[in-house]
Structure formats: C-alpha cells, structure tokens
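# Commentary on secondary and tertiary structure
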There are 2 protein chains.
Amino acid sequence: MEFKIDRDLISQIEQYVAENREKELQNLLEDVHYADIAEIMDELNSSEAIYIFHILDSEKTAEILLELDEEVREKILKELSPKEIAVELDELSTDDAADVIGELPQDKKEEVISEILDVEHAKDIVDLLRYDEDTAGGLMGKELVKVNENWNVLTCVKEMREQAVNVQRVHSIYVVDDENRLKGRLSLKDLLTTSTKTPISEVYISKVDFVKVNTPDVEVARIMQRYDLEAIPVVDELGRLVGRITIDDIVDVIKEEADKDYQLAAGISQDVEADDSIIELTRARLPWLVLALLGGFVTVKVMGLFDGAMKEHGELFFFTPLIAAMAGNVGVQSSAIIVQGLANNTLSGSLWQRLIKEVSLSLLNSTILAIILIIGGHFLLGVSYDVGLTISISLISVIVIASLIGTFVPILLNKGGIDPALATGPFITTSNDICGILIYFSIAKVVLGF
Amino acid sequence: MEFKIDRDLISQIEQYVAENREKELQNLLEDVHYADIAEIMDELNSSEAIYIFHILDSEKTAEILLELDEEVREKILKELSPKEIAVELDELSTDDAADVIGELPQDKKEEVISEILDVEHAKDIVDLLRYDEDTAGGLMGKELVKVNENWNVLTCVKEMREQAVNVQRVHSIYVVDDENRLKGRLSLKDLLTTSTKTPISEVYISKVDFVKVNTPDVEVARIMQRYDLEAIPVVDELGRLVGRITIDDIVDVIKEEADKDYQLAAGISQDVEADDSIIELTRARLPWLVLALLGGFVTVKVMGLFDGAMKEHGELFFFTPLIAAMAGNVGVQSSAIIVQGLANNTLSGSLWQRLIKEVSLSLLNSTILAIILIIGGHFLLGVSYDVGLTISISLISVIVIASLIGTFVPILLNKGGIDPALATGPFITTSNDICGILIYFSIAKVVLGF
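Computed from a prediction, not measured in an experiment: that's the story for all the values here.

Basis of the calculations
Residues numbered from 1 in each chain as written. Chains lettered and ligands numbered in written order. Predicted model: local features only at pLDDT ≥ 70, side-chain atom pairs only at ≥ 80, totals over all residues. Heavy atoms only, no water. Core = buried A, V, L, I, M, F, W, Y, C linked by side-chain atoms within 4.5 Å. Buried < 20%, exposed > 50% of the residue type's maximum accessible area, 1.4 Å probe, protein only. Contact = heavy atoms within 4.5 Å. Buried area = accessible area lost by both parts, 1.4 Å probe. Salt bridge = Lys/Arg side-chain N within 4 Å of Asp/Glu carboxyl O. Polar contact = N/O pair within 3.5 Å; in protein donor to acceptor, adjacent residues only side chain to side chain. Helix = DSSP H or I, 4+ residues; strand = E, 2+ residues; numbered from the N terminus. UniProt positions renumbered as here; feature names shortened; annotations may be inferred. 1 Å grid on protein atoms, 1.4 Å probe; cavity = no way out; pocket = protein on both sides within 12 Å on 5 of 7 lines; lining within 4 Å. Points joined across faces, edges and corners; volume = space filled by probe spheres on them. Nonpolar A, V, L, I, M, F, W, Y, C, P; charged D, E, K, R; others polar. Least-squares fit on C-alpha atoms with pLDDT ≥ 70 in both. Domains from an automatic or database assignment. Pairing = 2+ DSSP bridges. Axes fitted to C-alpha atoms, helices over the stretch in contact; angles between N-to-C directions. Parallel < 35°, antiparallel > 145°, perpendicular 65-115°, else oblique. Left-handed = near helix turned anticlockwise from the far one by under 90°. Phe/Tyr/Trp six-rings, centres within 6.5 Å; stacked < 30°, edge-to-face > 60°. Patch = residues over 30% accessible without salt bridge, like charges linked within 9 Å, V, L, I, M, F, W, Y side chains within 5 Å. Areas by Shrake-Rupley, 256 points an atom, 1.4 Å probe, with all protein chains shown as cover.

### Brief notes about the nonpolar core
Judged by nonpolar contacts, the single largest core of 132 residues is most densely connected at Ile52, Ile76 and Ile245 of chain A together with Ile52, Ile76 and Ile245 of chain B. Within the second largest apolar cluster, 76 residues are counted, among which are Ala292 and Leu293 of chain A together with Phe319 and Val330 of chain B.

### Remarks on the interface of chain B and chain A
Across the boundary between the two partners, chain B contributes 120 residues, which contact 120 residues of chain A. Contact between chain B and chain A buries roughly 11000 Å² in total, counting both sides, with carbon and sulfur atoms accounting for 63%. At the surface where chain B touches chain A, the tally comes to six salt bridges. Between arginine 285 of chain A and glutamate 358 of chain B there is a salt bridge whose closest N-O contact spans 3.7 Å. Joining chain B to chain A, the criterion identifies 23 residue pairs in polar contact (both at pLDDT 80 or more). In terms of residue count, the dominant contributor to the side of chain B that touches chain A is helix H17 (residues 278–305) of chain B (17 residues).

### Description of the UniProt feature "transmembrane region" (unreviewed entry) in chain A
Residues and elements named next belong to chain A. When the UniProt feature table is mapped onto this chain, "transmembrane region" (unreviewed entry) is found at residues 286–306, 318–339, 359–381 and 387–413. As annotated, residues 318–339 has a helix share of 95% and a strand share of 0%, and its two end C-alpha atoms lie 33 Å apart. The span residues 359–381 is 100% helix and 0% strand, and its two end C-alpha atoms sit 29 Å from each other.

### A word on the layout of surface pockets
Here the second largest pocket is characterised by a volume of approximately 440 Å³. Those elements giving two or more residues to the lining of the second largest pocket turn out to be helix H12 (153–164) and helix H13 (188–193) of chain A together with helix H12 (153–164) and helix H13 (188–193) of chain B. Taken together, the residues of the lining of the second largest pocket break down into 13 nonpolar, four polar and three charged.

### Some remarks on the relation of the copies chain B and chain A
After a rotation of 180° and a shift along the axis of 0.0 Å, chain B superposes on chain A with an RMSD of 0.2 Å. Interpreted geometrically, this transformation is the action of a two-fold axis. The share of interface residues of chain B whose copies in chain A are also at the interface is 99%, consistent with both copies meeting through the same surface.

### Details of the domain arrangement of chain A
Assigned domains within chain A: domain 1 (7–131), domain 2 (145–247) and domain 3 (278–448). Placing a centre on the C-alpha atoms of domain 1 of chain A and another on those of domain 2 of chain A gives a separation of 31 Å.

### A look at the pairing of strand S5 (residues 231–235) of chain A
All names here are of chain A. Taken across its five residues, S5 has five buried, putting it largely inside the fold. Because side chains alternate across S5, one face comprises the buried residues Ala231, Pro233 and Val235, and the other comprises Ile232 and Val234, equally buried. Bridge analysis of strand S4 (residues 211–212) against S5 gives two bridges, and the strand direction is parallel. In the sheet register, lysine 212 faces S5, and the bridge partner there is valine 235.

### Some points on empty space enclosed by the protein
A complete count under the given rule lists seven cavities of 30 Å³ or more for this structure. Roughly 450 Å³ of volume is contained in the largest cavity. Along the walls of the largest cavity sit 34 residues, with Gly328, Asn329 and Thr429 of chain A together with Asn329 and Thr429 of chain B positioned nearest its centre. If you list the elements that add at least two residues to the lining of the largest cavity, you get helix H16 (247–265), helix H17 (278–305), helix H20 (320–343) and helix H23 (426–448) of chain A together with helix H16 (247–265), helix H20 (320–343) and helix H23 (426–448) of chain B. Broken down by class, the residue content of the lining of the largest cavity amounts to 17 nonpolar, 15 polar and two charged.

### Focus on the sheet that holds strand S2 (residues 173–176) of chain A
Strand pairing in a sheet is mediated by backbone hydrogen bonds. Such pairs are either parallel or antiparallel. Residue and element names in this part refer to chain A. Taking strand neighbours across the sheet as the criterion, the three strands line up as S1-S2-S3 in an open arrangement whose pairing is mixed. Strand pairing shows two members of the sheet lacking a second neighbour, strand S1 (145–148) and strand S3 (182–186), which therefore form its edges. Strand after strand, the sheet turns through a mean of 35° between neighbouring axes, direction not considered.

### What to know about the packing of H20 of chain A against H17 of chain B
Here H20 of chain A crosses H17 of chain B at 160°, and the two axes come no closer than 8 Å. As far as their axial angle goes, H17 of chain B and H20 of chain A are roughly antiparallel. Crossing geometry of H20 of chain A relative to H17 of chain B is assigned as right-handed. Residues Pro321, Leu322, Met326, Asn329, Val330, Gln333, Ser334 and Ile337 of chain A of H20 of chain A form the contact with H17 of chain B, whose participating residues are Leu281, Arg285, Trp288, Leu289, Ala292, Leu293, Gly296, Phe297, Thr299, Val300 and Met303 of chain B.

### Section: the packing of aromatic side chains
Across all of its chains, the model carries eight aromatic pairs over all chains by this definition. Look at phenylalanine 306 of chain A and phenylalanine 441 of chain A: their rings are 5.3 Å apart centre to centre, the planes differ by 20°, and that puts the pair in the stacked class. Residue phenylalanine 306 of chain A is found in the loop between H17 and helix H18 (310–313), and its partner phenylalanine 441 of chain A is found in helix H23; the two are separated by 135 residues along the sequence. You'll find phenylalanine 306 of chain A and phenylalanine 441 of chain A in the same group, each marked buried. A ring pair is formed by phenylalanine 317 of chain B and phenylalanine 441 of chain B, whose centres lie 5.0 Å apart and whose planes are at 45°; its orientation type is tilted. Placement of the pair is phenylalanine 317 of chain B in helix H19 (residues 315–318) and phenylalanine 441 of chain B in helix H23, with a sequence separation of 124 residues. In this structure an aromatic cluster arises from ring pairing among Phe306, Phe317, Tyr440 and Phe441 of chain A together with Phe318 of chain B.

### Things to note about the packing of helix H21 (residues 351–381) of chain B against helix H22 (residues 385–415) of chain B
Residue and element names in this part refer to chain B. One can describe the packing of H21 onto H22 by two numbers: an axis separation of 8 Å at closest approach and a directional angle of 150°. On the basis of their axis angle, the class for H21 and H22 is roughly antiparallel. Pair H21 / H22 crosses with right-handed handedness. Among the residues forming the contact of H21 with H22, the class breakdown is 19 nonpolar, eight polar and three charged.

### Structural notes on the UniProt feature "domain: CBS" (unreviewed entry) in chain A
Using the residue numbers shown here, the UniProt feature "domain: CBS" (unreviewed entry) corresponds to residues 140–202 and 204–260 of chain A. For residues 204–260 of chain A, the helix share is 42%, the strand share is 23%, and the end-to-end C-alpha distance is 40 Å.

### Some thoughts on the sheet that holds strand S3 (residues 182–186) of chain B
All names here are of chain B. If you walk across this open sheet you meet the three strands as S1-S2-S3, and the pairing is mixed. Each edge of the open sheet is held by one strand with a lone partner, namely strand S1 (145–148) and S3. Within this sheet the neighbouring strands show an average axis-to-axis angle of 35°, counted without direction.

### A look at the environment of glutamate 110 of chain A
Inspection of the secondary structure puts glutamate 110 of chain A in helix H9 (residues 106–115). Reaching out from glutamate 110 of chain A, the side chain makes a polar contact with the side chain of glutamine 106 of chain A at a distance of 3.1 Å.

### Structural notes on unusual backbone geometry
The backbone of asparagine 180 of chain A shows a phi angle near 70°, a positive value even though the residue is not glycine. If you trace the backbone, asparagine 180 of chain A turns up in the loop between S2 and S3. The exposure class of asparagine 180 of chain A is partly exposed, given its relative accessible area of 22%. Positive phi values are uncommon outside glycine, yet asparagine 20 of chain B reaches one of about 60°.

### Let's talk about the pairing of strand S6 (residues 241–246) of chain B
Walk down a regular strand and you will see the side chains alternate between the two sheet faces. Residues and elements named next belong to chain B. With six of six residues buried, S6 is to be regarded as a mostly interior element. In this sheet, S6 lies alongside strand S5 (residues 231–235) in antiparallel orientation, the contact comprising five bridges. Paired with valine 234 across the strands is glycine 243, a residue of S6. Taking the residues between adjacent antiparallel strands as the criterion, S5 and S6 are bridged by five residues, where glycine 239 takes a positive phi near 80°.

### Structural notes on helix H8 (residues 94–102) of chain A
Across the nine residues of H8 of chain A, seven count as buried, placing the element largely inside the fold. Within the sequence span of H8 of chain A, burial applies to Thr94, Asp95, Asp96, Ala97, Ala98, Val100 and Ile101 of chain A.

### Here we look at a nonpolar patch on the surface
Residues and elements named next belong to chain A. There is a patch of nonpolar side chains on the surface, built from Ile371, Ile375, Phe379, Leu380 and Tyr385 and spanning about 570 Å² of accessible area. Looking at the nonpolar patch, the element that brings in the most residues is helix H21 (residues 351–381), giving four residues. Following the sequence through the fold, isoleucine 371 ends up in helix H21.

### Quick look at the side chain of lysine 255 of chain B
Within the element layout of this structure, lysine 255 of chain B appears in helix H16. Dropping the residues within four chain positions of it, lysine 255 of chain B is found in contact with Gln225, Ile254 and Asn344 of chain A.

This is the structure:
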C-alpha cells in the first residue's frame with residue numbers, strides 16, 4: 001500500500017521540472033501523500049523543490065512544509081513572501097503553525113503574522129509562541145471542542161458541529177464553567193449514546209487528567225503513556241482551559257527522548273543525523289573524543305607509575321586493553337539499565353538493596369570471566385598461573401568497581417537534576433579505563449611485588 | 001494532578017491488608033487510577049497483591065491486570081480460577097484479552113476461553129490468538145465501527161450508536177462492501193457535519209491507509225508515524241476488514257524498539273530491567289562480556305608480536321588503552337548514527353558518497369586530536385617528538401579505519417537482513433580494539449624500527 005520513492009521517480013520529476021511540464025507534475029503528484037512529497041523534495045535541489053512547492057495547492061504544501069527536513073524548509077521559507085507563508089499557515093493547526101513561525105527570523109515573523117487572514121487563528125498562534133517549546137504550552141494546540149457545563153446535550157451537539165469544523169480530530173469534549181475553568185470531560189461515545197435533552201452537568205465526567213502550561217514535555221509524555229490518554233487538556237495557572245495535546249505530538253517526544261539517550265550513550269552530544277554536514281557532526285562528536293583522549297593521557301600517566309614492572313613482568317602491559325575493555329563494557333551495561341529504569345520509572349527498592357544486588361551480580365559475572373581468563377590465559381596465551389591469578393583477581397575487582405560506578409553515577413546525576421544518560425558512553429568508559437588500570441597494576445604490584 | 005505513591009502509602013495499605021480492613025482499603029483506592037494501583041501492587045508481596053485484587057471490582061481489576069509487571073501478573077493469574085480470569089477478560093478489549101490469554105499455559109487457556117460469557121467476544125479473542133505477536137495481526141483489536149457503503153448517514157448513525165457501545169474510543173468509521181472488503185473511511189467530523197439523508201457512498205473517502213495482518217509491527221509503527229495516523233485498519237489476504245490498530249499500541253512498539261537498540265548498543269542482549277533477577281541479568285550481559293574477553297585475548301596475542309619494542313620503546317605500551325579507547329569511541333559514534341539513520345529511514349545518497357564523507361569527517365577529527373596528542377604528549381607526558389609523531393600517525397589511521405568499520409558494518413548487516421543495532425556496542429568496540437592495536441604497533445614498527 002505504500003508509495004515507493006526510488007531513483008527513477010526522482011529522475012523523472014527532475015526532468016519534468018527541467019522541461020517545465022507543470023501539468024504532468026501535478027498529475028504525477030496528485031494522489032501522493034504529503035509525507036512522501038516531502039521526502040521527494042528533500043532529495044531534490046532547492047530550486048527544483050521550490051518549483052514543486054509552487055505548483056501544488058496550499059492545502060497540500062502546508063502539510064509538506066511540516067514534514068520537510070529543517071534545512072530544506074528553511075530554504076523554501078526564505079524564498080516565500082510573508083503573504084505566501086501566511087497562506088500556508090492558514091491551512092495548518094495552531095501548534096504546527098506556531099512551530100513553523102518559530103523558525104523564522106524575528107522581523108519576518110511579525111510580517112507573516114500580520115498577513116494571516118483568519119484573525120482568531122493568528123491570535124491563537126501568537127498566544128502559543130509565548131511558551132517554551134519543551135513544555136506542555138509549547139506542545140499544545142488551541143483546536144479543541146469545549147462545552148459549557150450549563151448546556152444540554154442538544155445545544156452541545158449543535159455547538160460542537162460548529163467547533164468541529166476547525167478541529168481535525170475530535171478526541172474529547174471538554175467541559176468548562178462560565179469562567180472557562182476546566183470542570184471535566186465528555187466522551188464522544190457518551191454523546192452518541194445519550195438522549196438529547198439530558199443536561200451536560202448530569203453526564204460529564206468530573207475526573208479528568210490535565211497538565212499545566214509549564215509541565216515539561218517529557219512529563220506530559222510520561223503521564224499520557226501511563227494513563228493511556230490520546231489527548232490531554234492543558235490549563236493555565238488559574239485552571240482555565242487553554243489548549244490540548246494529542247498523542248501524535250507525544251509520539252515525537254518519546255522518539256526524540258529515546259534517540260537522545262541513545263546518542264548520549266554513543267558519545268554524540270547533539271541531535272545530529274547521518275546526513276548532517278561534517279561541521280555539525282564534528283561539533284557533536286569531537287568534544288567526547290577530546291574527553292576520551294584526555295582520559296587516555298591519565299591512563300598513560302598511571303601506567304608510567306608502574307614501569308618498574310616492565311622488566312620482569314612485561315606481559316602485564318599486554319593485558320591493559322583487555323582490563324580497560326572489560327571495565328568499560330561492564331560500566332556501560334550497568335549504567336544503561338539504570339538510565340532506562342529511571343526513564344521508565346521502573347526502579348524500585350532502596351539504594352542499599354541496589355548496592356547488594358549489583359555487587360552480587362558483578363561478582364557472579366566476574367568470577368565466571370576470571371575462570372575463563374585463568375584457563376584461556378594459560379592454554380591460549382601461555383601466561384603463568386601466578387600472573388594469570390593476578391590478572392584474574394584484578395579483573396574481578398575492576399568489574400565490581402566498574403559496575404558500581406555504572407550504577408551509582410547515573411543515580412547521583414539524576415538526584416542532582418542532571419540527565420543520567422550523560423553518564424553512559426564515553427564518560428563511563430573513560431573513567432572506568434582509568435580506575436581499572438590503576439586497580440589492575442596496584443593489585444599486580446602487591447601480588448607479584450615489583 | 002498526579003497521584004503520589006510513597007513508602008507511607010504502601011505501609012498503610014500493608015497494614016490495612018494485615019488487619020483485613022476491606023472497607024477502608026476500598027475507600028482508599030476508590031478514586032485511584034488503575035495504572036497507579038498496578039504500581040502499588042507491584043510493590044506488595046504476592047498474597048497482599050492478591051488480597052487487593054479480590055476486593056476491587058472486575059472493571060478495575062481487568063485494567064490493573066494489564067498494567068502489572070509480568071511476574072506479578074503471572075502470580076495473580078495462577079491464583080485465579082479459569083472462571084475468575086474469564087470475568088476479567090470480559091471487561092477487556094479483544095487485543096488486551098488476547099495478550100493476557102497468550103501468557104497462560106495451554107490447558108488453562110482453553111478452560112478460560114470456554115468460561116467467557118460473551119460468545120462474540122470469545123470468538124474474537126480466539127481469532128486474535130492465531131497471529132504472531134510481532135505482526136499487525138498480533139497488535140490489532142476487533143473493536144471497530146464499520147458501515148456499509150450502501151447505507152445513508154442516518155442508518156449509519158443509528159448503527160454506530162449500537163456498535164459504539166462496545167468500542168472504547170471511536171477513531172475512524174470504516175466503510176466496507178457487502179463482502180466486508182475495506183472500501184474507505186468516514187471521519188467523525190464528516191458525520192457530525194453532513195445532512196442525515198446523504199448516502200454513505202457519496203461522503204466516504206476512498207483513499208484509506210491500511211496494513212495486512214502479516215505486516216511486521218515495526219513497519220506498522222513506521223507507517224502510522226509517517227502518515228500521522230491515530231488508527232489504521234487491518235485487512236486479511238482477501239482485503240476483508242478484520243481489525244484495527246490504534247496509536248497507543250504503536251507507542252509501546254516504538255518505545256520497545258528504541259529501548260532494544262539502546263540495550264544492544266550497551267551490550268545487553270535481551271529485554272531486561274534493573275529489577276529483574278540476577279540470573280536474568282547475567283544471561284543478558286555475560287555473553288557480551290565473554291565476547292569482549294575473547295577479543296581481549298586477541299589484543300594480548302597481537303601485542304605479543306611486538307614485544308621486541310619493550311626494551312627501547314616501552315612507553316608505546318602505555319598508549320595502548322588510549323588507542324583502543326579512541327578506536328572504540330569513534331566506532332560507536334559512527335555506528336550509532338548509521339543505526340538511527342536506518343531505523344528512521346533518513347539515510348540518503350550512495351555508499352560511495354558516504355565513504356567519502358566518513359573519511360573526510362574522521363580525517364578532520366583525528367587531525368585535531370593528533371595535534372592535541374603531540375603537544376599534550378610532549379608537555380604533559382614527556383614523550384619525545386618522534387614517539388609522539390608515531391603515535392599521532394597511528395591515531396589518525398586508527399580513527400579513520402574505526403569510523404569506516406563503524407559506518408559500514410551496520411549497513412552491511414542491514415543489507416543481510418540482520419538488525420544493524422547488533423553492530424553497535426561490544427561488537428564494534430572489541431573489533432576496533434584489535435584492529436586499532438594492530439595498526440598502532442605496525443606503524444610504530446615501521447617508523448621507529450624495532
């Protein structure tokens with residue numbers, strides 16, 4: 001059922017554009033979904049993309065605008081006059097329109113707003129621009145269906161028919177008092193199945209989940225997921241209904257949050273994509289590599305302290321990457337589980353219980369690994385038993401400590417109000433490299449005496 | 001607005017249970033959301049949880065059952081008779097009921113189904129049990145509102161009122177022909193704003209997105225996200241409408257998929273949580289650690305080949321963890337970006353373009369790092385310039401190769417039909433450790449001659 005975008009299609013479109021065959025292009029794109037057209041436009045050069053944009057009608061181009069890559073959108077918005085942009089915004093819901101306007105330079109912003117024909121729509125958009133984009137206010141739209149608690153079902157249905165014209169999807173009907181304060185909700189199902197004379201005050205459900213305009217977006221996502229909500233009303237400081245957030249906006253928040261955690265774990269500090277420029281990618285990646293390099297300097301220094309071992313027990317130095325790798329891997333495993341537990345709110349029990357569990361787990365794992373190391377080290381690498389034993393004892397200590405660092409650093413960061421995902425990735429591997437090598441040589445020094 | 005679950009509340013509930021104060025417990029939990037009660041029950045021991053379960057009515061307990069941790073649910077289901085379970089299932093939507101039944105042992109499954117009072121409901125559930133849980137069939141529910149293309153709006157509204165009683169949320173009204181084949185859809189908004197005499201055939205939208213019963217769940221998620229759908233109909237091989245999938249089920253798929261990628265990148269091979277048992281956690285973590293250990297053996301062997309350097313250039317060995325760490329970090333960065341690009345379908349351009357870009361990016365990054373290394377190495381670590389230069393040349397080569405491995409291994413895995421996320425984490429770091437150290441000493445041998 002899905003539309004296929006391949007090289008052939010792109011070439012054909014490029015040719016049509018080059019030959020200025022407007023009619024054929026319109027026919028070709030007529031039944032294509034706006035998300036697919038946006039993907040096609042992302043592949044074209046900007047003058048071709050703008051050509052396509054101009055031959056389609058604004059109902060479609062408005063939605064395409066939303067789906068484009070940010071850079072392509074920026075280019076197209078630059079080519080459009082304030083009036084042309086205003087026409088696009090008239091077609092969009094208030095929250096989407098506010099997102100687009102938010103990307104414009106300040107002076108163009110005002111010109112565009114003044115060109116929007118529907119004054120109510122413009123007022124709603126301006127209102128939304130006030131809120132921080134990471135809050136409920138920044139996510140919400142103004143399109144909602146609300147009824148007064150003093151009406152009856154008949155008035156309600158009549159009013160709703162009018163309001164529904166401006167609302168793309170009716171999720172819930174909110175009930176407010178004369179001061180526009182949120183009192184409860186009415187389900188569409190109730191409305192479909194109740195007699196028309198019933199007063200609203202008798203049928204509405206007074207228990208309603210809501211969020212405030214300044215609730216953080218990830219908190220909104222958590223609440224909507226936890227309570228299985230498809231839409232949630234947003235109220236201001238005085239409890240007045242000012243907007244609603246729908247689940248599709250939340251899907252994006254969830255996806256972004258998960259992607260961000262993943263990128264932090266991989267040592268990428270900004271939201272970048274494979275297709276971003278080399279400069280952007282470097283800016284996201286290089287800081288972590290510099291951190292790792294400086295960490296590497298410390299490991300060099302640490303090993304320098306033990307260079308007395310080189311003469312008699314040079315093979316100890318062959319094992320440093322192994323020790324560092326094990327410490328790094330164990331640390332990342334531990335921290336990833338904690339970061340996910342914190343994100344999904346599934347961590348239970350006290351810190352003390354967690355400590356005991358983590359120590360037991362890492363003792364179990366490291367003992368198994370130590371046995372493999374002693375046997376494998378002897379038969380595969382020809383390491384003497386005393387050196388093998390030294391390395392094994394070190395391995396167990398290093399793993400236990402790395403797992404404790406991996407467990408408690410994210411918990412502490414989280415308590416301090418810092419994103420615990422920062423603790424995964426290069427941060428954990430680098431600090432575990434240093435600790436691991438220090439512990440390893442210290443134990444070796446005690447056991448082998450050099 | 002959110003209900004707070006703290007130690008005090010849990011203690012109070014435990015006390016009420018111990019003193020058998022049913023009435024007080026019911027009052028306390030009356031207005032509490034089922035998701036919150038489920039979280040409370042996860043914290044209680046199993047006899048307390050079962051006590052709570054028995055004093056609440058089945059409308060609430062059915063929803064609680066769904067929200068419980070899998071182990072807690074398993075314990076409670078074990079305590080309930082087939083008849084009691086059937087009462088719960090009667091309250092649940094077909095897809096949720098099928099999920100619960102799916103967790104029962106085979107013989108209990110059949111007993112439970114035979115006890116379900118609503119025969120239609122039971123038939124729907126049995127039908128759903130046929131599908132693999134990772135497909136559209138496994139995600140879909142049977143609750144939907146459908147109308148015949150030959151009806152008019154009035155009949156439609158009448159029929160819908162009846163059907164809506166069984167449907168929790170009306171997303172879309174599907175239009176079918178006499179053979180139940182999906183023809184199109186009708187929006188609630190259209191229905192609210194169209195005259196009652198209009199024939200359905202005149203108002204329905206024939207373009208409708210749908211998936212087949214055997215479409216994989218991640219593909220369903222991708223389509224629903226891409227096309228901003230809140231519900232999608234599911235058809236069988238003959239195009240007959242058999243169910244619908246709603247966005248809230250898709251939120252779970254997206255979340256799970258992101259969590260899985262994250263865990264793979266962190267070297268955790270199964271879906272585990274911090275609160276799982278030590279055995280489960282070991283099973284998910286130990287295999288990757290063994291892999292890393294064996295990779296470590298190879299690095300030991302590789303360094304053994306170059307032990308001639310120890311006498312004159314012992315400091316070279318101090319840098320092996322640094323080289324390994326840089327190779328590992330660069331590799332994970334590169335692969336994480338590719339894995340996300342593949343998951344979000346945002347990779348464009350040819351392999352050749354990607355190769356050029358990745359080489360340029362890593363040359364830029366590694367040159368900056370090499371300069372830091374030469375200067376820092378000399379002033380901070382007292383390394384001579386010729387050794388510093390050797391290490392820097394190695395660092396640049398190692399980073400370029402690590403970034404190529406990190407970029408192309410996931411792309412190749414993906415082409416071979418293997419989850420590219422496997423290539424992140426321990427797999428990449430281990431292979432990059434080995435390659436990195438081999439390259440490092442080979443270059444050192446050529447430059448310094450030992």
